[in-house]
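Here's the letter readout for the chains.
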Amino acid sequence: MQNSFLARNPSTLIFLAALALFTIVVTLLSEGLGMGFVSTSFVKTLGKTLCLGLVAISMDLVWGYAGILSLGHFAFFGLGGYMIGMWLMYERTRDVVVSSLADAPIPASAQELNDAIATQIFGVVGSAEFPLIWAFSDSLVLQLALVVLVPGLLALAFGWLAFRSRVAGVYLSILTQAMTLALSLYLFQNDSGLRGNNGLSGLQNLPGLTDVPQALVSLWFLWGSALALGLGYVLAAWVVSGKFGSVLRGIRDDEARVRFLGYSVESYKLVLFTGTACMAGIAGALYYPQAGIINPAEIAPIASIYLAVWVAIGGRGRIYGAVIGAVFVSLLSSWFTGGRAPNIDLGFYTIQWVDWWLVVLGLSFVLVTLFAPKGIGGLFDLISSRIMPDRHGADLGPDDGALREREARE
Amino acid sequence: MNTLLEVSGVSVSFDGFRAINNLSFRIASAEMRAIIGPNGAGKTTFMDIVTGKTKPDEGRILWGEKSVSLLGLSEARIAREGVGRKFQKPTVFEDQTVQENLLMALKNKRGPFSVLLYRAKNDDLARVEAFAEEIGLADALMRKSGELSHGQKQWLEIGMLLAQEPRLLLVDEPAAGMTPAEREHTTNILVEAAKTRAVVVVEHDMEFVRRLDCKVTVLHEGSVLAEGSLDHVTANKDVVDVYLGR
Ligand SMILES: Nc1ncnc2c1ncn2[C@@H]1O[C@H](COP(=O)(O)OP(=O)(O)OP(=O)(O)O)[C@@H](O)[C@H]1O
Ligand SMILES: [Mg+2]
C-alpha cells in the first residue's frame, strides 16, 4: 500500500529526497557540526523557512484543494508558537530562579518559588501572578498537546459557526481576517496573560540544556523542522491522493454538486479546516523557538495574507508548489527587507528595497494571479510536457478547472 | 402500488413570483414518469424542491415506506436517502478523471473519516468499470472529464447517477446535445433503470418522451395541467393551448 502510494506520487519521493539532501548539506556546512560555512543564525533562518513551508502546505490544502480562502491560518501558527513558548519560558525562568535562590540561607518554599517565577515573567506587564492559562506551563507534555489542541479547537468552533451557516467565498475570508485581528488585538493587551506586546522571549534557550551551544540547538531544530515538513508533506499527499482529495477538489469546483452526491460539504470543510489548523500550530511550535521571540504582531492579519500570497506564487493545488512559494518568497523577502539587497540609484530617485519590496511583492502577486495562475509550480508542467509531449489530462489548476483542456490551450 | 415520493400542495415564490403553485405529485417505487411543460413551467424548480436545494413556502414532501418528511433535511442527507439528480446543464467535475468522478458517485460511506481512509478496492474499480461500460466511456476512464464532448459529459453524469444507486432518479433534459443514436441508448438505460426504481425525466423532445412510453405529467405555471399517457395529454385542449402559446 505504502509502496504503491509513493510509486503513484513520484513528486513526493523527489521532494523527500531534495529535503533530505538539503538538510544533510546544511548540516555539513554548519558551524555546529560541519565546516562552518553556514552561520548559526542562517541555519535558524533555514529551519524557520522549513516551518513556513509546512504552514504553506496547510494553507494549500484549505485553499488550493478545497477552495476555502482562509486568511487566518497564520493565527493558528502563532497560537502553536505561544503554546510551546509558555513552557520554554516557564521552565527556563524556573531554572534561573532556582539557581539564584539556591544561595539563600533558608530554602525557598514552593509558594515563594512560584511567586518569584511569576514576578520574573510578568513583571513587565505589572503583574506577579500566574494567569489561569499558564496552569499547565510546567508540563512539556501538556503544552505540546495544547500546541495542537488550542488551534484545533479554535478552528473547530470558528468553522462550525461559519460553515454551518454556509458562509463561503469572500465573506469567509473576511471572517477569518476578523478572527485573526480579534486574536491579535486581544493578545496585545497586557492582561491577556501572555505578556501583551512584549510577547514571549528567550525561546531559543532550551531549559536544562544551557550547556549546549546554539550552533547545535539550531541544527536540532533544523532536523526537527525538516522531519515535520517531510511528514506533513507525505500526510498531505496521502490525504489528497484518494477519494478525500477528489471530494475536496469537487467542493472547490462545484460544492452544490458534491452535496447532491450525498457528501456533507460542511463536515468536510470543518474536518479540513480543523486538521490544517493543527498542522499550522505544529509548524508554529517549531518556528518560534528558532526565532527566539513571539509577540502579537506575528499574528497580525497581514501575516495570513502573506501566507496566501506565498501559496499563490508557488502554485496552489499542488503541495510542492506551496512549499516552493513559501521558501522562495520568504527568503527573498528577508533578503530585501533585511537591508541586504543593494539599493538602486536612478539618479533622480533611489529605490530603497526596504520600502519598495512590498510593492514588488504585491505586483508579482497580481501578475501571477492574472497571467500564471499555476504559479512557479506551473514550470514543472512545462518540463514534464517537454519530456512527455503528448500527455493528456494535465492539471488545469484551480482557475481553469472548469475549462476543457482544449479550450484552455487556445 | 406503493408510493415512493409524495409531494402535496407545494408552493414556492421567488420575490413574489409563484414558480410552483400548489403542486401535487406522486410516484411509485418502480415507475417511469416524464414531465413536460413549456420553458419556465417550473420543472427544474420542482427538482430543486425535492432535492432540498429550494425550501418550499408550504406543502408536504413524504418519502419512502415510512413516509418521512424530506422538508428540512439537507441536500446531502436527501441524496443519501436515495434521491439522485442529473442536472439540466451537465455538471461533472471537469478537473478530475472519469474514474474519479464515478468513484465519488459510487454508493459507499459518505462521512469524511471513512472517505479519508477509503482506498478503492478491486471490486469497486470493477463496478466503476461496469458503469463506464454501460455509458460507453470504458476507454476514457483515465481521461479528464473536462476533455469529453458535451454528449459524453451527459452520459458521465448519467453514469454517476446510476453509480449512486438511488431509489429515485431525477433526470433533467438528459438528451440535450445528443445524437439520435445516443438518445436511443439513453432511453434504454432509463427504461432499464425504471424496472427497479423510480425515474422522473424532464424533457422537451416529444419523440424522446414517446419512446419512454410512460405516464406523462404536464406542468404549466407551477402546477399540474394534465396527467396521463402521452396521447391522452397531447389531446388535451389546455395542453395544446399552452404549447401553442394561446
Ligand atoms: N432561484 C430563482 N430565483 C428567481 N426566479 C427563479 C429561480 N429559479 C427559478 N426561477 C423562475 O421560476 C420559473 C420556473 O423556472 P424553472 O427553471 O423551474 O423552469 P423550467 O420548467 O425548468 O424551464 P426550462 O424548460 O427552461 O428548463 C422561471 O420563471 C424562473 O425564472
Ligand atoms: Mg429547467
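Residues numbered from 1 in each chain as written. Chains lettered and ligands numbered in written order. Predicted model: local features only at pLDDT ≥ 70, side-chain atom pairs only at ≥ 80, totals over all residues. Heavy atoms only, no water.

With that settled, consider the overall build of chain A. Each helix and strand in chain A was counted, giving 16 helices and four strands. Counting over 410 residues, chain A shows a buried share of 50%. Total accessible area on chain A is roughly 18700 Å²; 67% of this is exposed by carbon and sulfur atoms. In chain A, the 23 positive side-chain charges and the 26 negative ones have mean positions that sit 12 Å from each other. (Helix = DSSP H or I, 4+ residues; strand = E, 2+ residues; numbered from the N terminus. Buried < 20%, exposed > 50% of the residue type's maximum accessible area, 1.4 Å probe, protein only. Areas by Shrake-Rupley, 256 points an atom, 1.4 Å probe, with all protein chains shown as cover. Lys, Arg positive; Asp, Glu negative; His and termini not counted. Charge placed at Lys NZ, Arg CZ, Asp CG, Glu CD.)

This brings us to the interface of chain A and chain B. Contacts between the two partners involve 37 residues from chain A and, on the opposite side, 36 residues from chain B. Both sides of the chain A and chain B interface together cover about 3300 Å² of buried area, and 57% of this is carbon and sulfur. The largest contributions to the chain A side of the interface with chain B come from Lys243, Arg257 and Phe260 of chain A, which together make up 25% of the buried area. At the boundary of chain A with chain B, the tally comes to four salt bridges. Our enumeration of links across chain A and chain B arrives at 14 residue pairs in polar contact (both at pLDDT 80 or more). Of all the elements in the fold, those that place two or more residues in the side of chain A that touches chain B are α8 (214-241), α9 (243-260), α10 (265-291) and α16 (405-409) of chain A. (Contact = heavy atoms within 4.5 Å. Buried area = accessible area lost by both parts, 1.4 Å probe. Salt bridge = Lys/Arg side-chain N within 4 Å of Asp/Glu carboxyl O. Polar contact = N/O pair within 3.5 Å; in protein donor to acceptor, adjacent residues only side chain to side chain.)

Moving on, we come to the coordination of the magnesium ion (ligand 2). Protein-derived coordination of the magnesium ion (ligand 2) comes from Thr44 of chain B (OG1) and Gln88 of chain B (OE1), at a distance range of 1.9 to 2.4 Å. Separated by 44 residues along the polypeptide, Thr44 of chain B in helix α1 (residues 43-50) and Gln88 of chain B in the loop between β6 (83-86) and α3 (98-105) bring together distant segments of the chain. (Donors = N, O, S within 2.8 Å, 3.2 Å for Na, K, Ca; no water.)

Residues and elements named next belong to chain B. Taken together, 13 residues surround ligand 1, and among them Asn39, Lys43, Thr44, Thr45 and His204 come closest. Here ligand 1, which alone exposes 630 Å², has 63% of that area covered by the protein. Mapped onto the shell around ligand 1, the elements with two or more residues apiece are β2 (17-28) and α1. Examining the composition of the shell around ligand 1, we find that three residues originate from one element, α1, more than from any other. (Near = heavy atom within 4 Å.)

All names here are of chain B. Strand order in the open sheet formed by four strands is β2-β1-β4-β5, and the pairing between neighbours is antiparallel. Edge positions in the sheet fall to β2 and β5 (68-69), since each of these pairs with one other strand and no more. Relative to β2, strand β1 (residues 3-14) runs antiparallel, the two sharing eight bridges. Looking across to β2, one finds that Val10 is bridged to Leu23. Most of the contacts of α1 go to β1, to which it runs at about 115 degrees, and overall it touches β1, β2 and β4 (58-63). (Pairing = 2+ DSSP bridges. Axes fitted to C-alpha atoms, helices over the stretch in contact; angles between N-to-C directions.)

This part takes up the environment of Leu367 of chain A. Residues and elements named next belong to chain A. Looking at the element boundaries, Leu367 is found in helix α13 (residues 353-371). Leu367 sits in the partly exposed class, given a relative accessible area of 43%. A sequence separation of 146 residues divides Leu367 from Phe221, and the C-alpha atoms of the two residues are 35 Å apart.

By convention here, two paired aromatic rings are described through the distance between centres and the angle between planes. Applying the stated criterion to the full structure yields 22 aromatic pairs over all chains. Ring centres of Tyr263 of chain A and Tyr268 of chain A lie 5.9 Å apart, and the angle between their planes is 80 degrees; on these two criteria the pair is classed as edge-to-face. For the pair shown, Tyr263 of chain A and Tyr268 of chain A are each scored as buried. With a centroid separation of 4.7 Å and an interplanar angle of 15 degrees, the aromatic rings of Phe336 of chain A and Trp357 of chain A are classed as stacked. Pair noted here: Phe336 of chain A is in helix α12 (residues 319-337) and Trp357 of chain A is in helix α13, with a separation of 21 residues, a long-range link. The pair formed by Phe336 of chain A and Trp357 of chain A is uniform in burial state, with each residue classed as buried. An aromatic cluster is present here, built from Phe74, Phe77, Tyr287, Tyr288 and Trp310 of chain A joined pairwise through their rings. The side chain of Arg85 of chain B reaches across the aromatic face of Phe260 of chain A, ending 5.4 Å from its centre. (Phe/Tyr/Trp six-rings, centres within 6.5 Å; stacked < 30°, edge-to-face > 60°. Lys NZ or Arg CZ within 6 Å of the ring centre and 35° of its normal.)

Residues and elements named next belong to chain B. Structurally, Leu141 is set in the loop between α5 (122-134) and α6 (150-163). Considered as a pair, Leu141 and Phe131 are ten residues apart in the sequence and their alpha carbons are 10 Å apart. Apart from residues lying up to four places away in sequence, Leu141 is in contact with Thr97, Val98, Gln99, Leu102, Val128, Glu129 and Ala132.

Moving on, we come to the sheet that holds β6 of chain B. Residue and element names in this part refer to chain B. Strand order in the open sheet made by the six strands is β6-β7-β8-β3-β9-β10, with mixed pairing throughout. The open sheet has two edge strands, β6 and β10 (223-228), and neither has a second partner. Across the sheet, the mean angle from the axis of one strand to that of its neighbour is 20 degrees, orientation sign disregarded. Two strands pair when backbone bridges link them, and strand β3 (residues 32-36) and strand β8 (residues 198-202) are joined in this way by four bridges, in the parallel orientation. Bridge pairing in β8 places Ala34 opposite Val201.

What follows is about the packing of α6 of chain B against helix α7 (residues 180-193) of chain B. Residues and elements named next belong to chain B. In contact at an axis separation of 12 Å, α6 and α7 are set at 10 degrees when each is read in the N-to-C sense. In terms of axis orientation, α6 runs roughly parallel to α7. Where α6 abuts α7, its residues Trp155, Ile158 and Leu162 lie against Glu182, His185, Thr186, Ile189 and Ala193. Its residues assigned to classes, the contact of α6 with α7 comprises five nonpolar, two polar and one charged. (Parallel < 35°, antiparallel > 145°, perpendicular 65-115°, else oblique. Nonpolar A, V, L, I, M, F, W, Y, C, P; charged D, E, K, R; others polar.)

On to the nonpolar core. Ranked by size, the top nonpolar core spans 163 residues in total, and within it Phe74 and Phe77 of chain A together with Leu156 and Val199 of chain B carry the most contacts. In this structure Phe77 of chain A touches Cys51, Leu52, Val55, Ala280, Gly281, Ala283, Gly284, Tyr287 and Tyr288 of chain A, once residues within four positions along its chain are discounted. Core analysis: the second largest hydrophobic core is formed by 28 residues, Met47, Ile49, Ile78 and Leu168 of chain B among them. (Core = buried A, V, L, I, M, F, W, Y, C linked by side-chain atoms within 4.5 Å.)

Residue and element names in this part refer to chain A. Side chains of Ile344, Leu346, Phe348, Tyr349, Trp356 and Val359 sit close together on the surface and give an oily, nonpolar patch of about 600 Å² of accessible area. Within the fold, Tyr349 resides in the loop between β3 (344-345) and β4 (350-351). Assessed through its relative accessible area of 39%, Tyr349 is described here as partly exposed. (Patch = residues over 30% accessible without salt bridge, like charges linked within 9 Å, V, L, I, M, F, W, Y side chains within 5 Å.)

A few words now on the pattern of salt bridges. In this structure the tally under the stated criterion is 27 salt bridges over all chains. Between Glu94 of chain B and Lys153 of chain B there is a salt bridge; the shortest N-O distance is 3.1 Å. Taken together, the residues Glu94 of chain B in the loop between β6 and α3 and Lys153 of chain B in helix α6 connect sequence positions 59 residues apart. Given a relative accessible area of 14%, Glu94 of chain B falls into the buried group. Judged by relative accessible area, Lys153 of chain B falls into the buried class, the value being 8%. Among the ionic pairs, Arg127 of chain B bridges to Glu165 of chain B, the shortest N-O distance being 3.3 Å. Of this pair, Arg127 of chain B sits in helix α5 while Glu165 of chain B sits in the loop between α6 and β7 (168-172), and the two are 38 residues apart along the sequence. A network of salt bridges, in which partner residues are shared, links Arg166, Glu255, Arg259, Glu266 and Lys269 of chain A together with Glu75 of chain B.

Here chain A shows a mean pLDDT of 89. Residues at 70 or above account for 93%. In the model, residues 391-410 of chain A has pLDDT below 50 throughout and makes 37 contacts with residues more than four positions away in sequence or in other chains. (pLDDT = per-residue confidence, 0-100.)

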